[in-house]
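Chain by chain, the residues run as shown.
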Amino acid sequence: MNCDYNEKNIFNLCVDPDFMPYEKINSQGLHEGLFDEFLSLITSKVGVQFKLVPSKNYAQTMQFFKNNQCDVVAGDVAPKTSVNYF
């Protein structure tokens, strides 16, 4: 993966719109769920921020990740093939 980190420590976060309890985008357009709570903790401890990149489904999320449109993906399964994340 080729991440372009900037001086503001903002990471693009791919979000599957309805992947509860892990994550979803609520009616106000905000990220919520277990992964949001985890990322909020990271933000408070480390100072990085996450910009939402909504997708239609998990397949589109993974395509965004492969195309470097996002830096972070929530997931509960390991890839079936070898993936070079860095």
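Predicted, not measured: the structure shown is a model, and the values here were computed from it. (Residues numbered from 1 in each chain as written. Predicted model: local features only at pLDDT ≥ 70, side-chain atom pairs only at ≥ 80, totals over all residues. Heavy atoms only, no water.)

## Regarding unusual backbone geometry
Thought 1: The phi dihedral of Asn 68 falls on the positive side, at around 60°, and the residue is not glycine.
Thought 2: Here Asn 68 lies in the loop between helix H2 (58-66) and strand S6 (72-73).
Thought 3: Assessed through its relative accessible area of 39%, Asn 68 is described here as partly exposed. (Helix = DSSP H or I, 4+ residues; strand = E, 2+ residues; numbered from the N terminus. Buried < 20%, exposed > 50% of the residue type's maximum accessible area, 1.4 Å probe, protein only.)

## What to know about the pairing of strand S1 (residues 10-15)
Remark: a regular strand shows side chains that alternate across the two faces of the sheet.
Thought 1: Of the strand pairs in this sheet, S1 and strand S5 (residues 49-54) are connected by six bridges, and their pairing is parallel. In the strand pairing of S5, Ile 10 is matched with Gln 49.
Thought 2: Sheet topology places S1 next to S6; two bridges connect them, and they run parallel. Residue pairing in the sheet places Leu 13 in a bridge with Val 72 of S6. (Pairing = 2+ DSSP bridges.)

## Some points on the environment of Phe 11
Thought 1: Mapped onto the fold, Phe 11 is located in strand S1.
Thought 2: With a relative accessible area of 17%, Phe 11 lands in the buried category.
Thought 3: Taking the C-alpha atoms as reference, Phe 11 lies 6.2 Å from Gln 49; in sequence the two are 38 residues apart.

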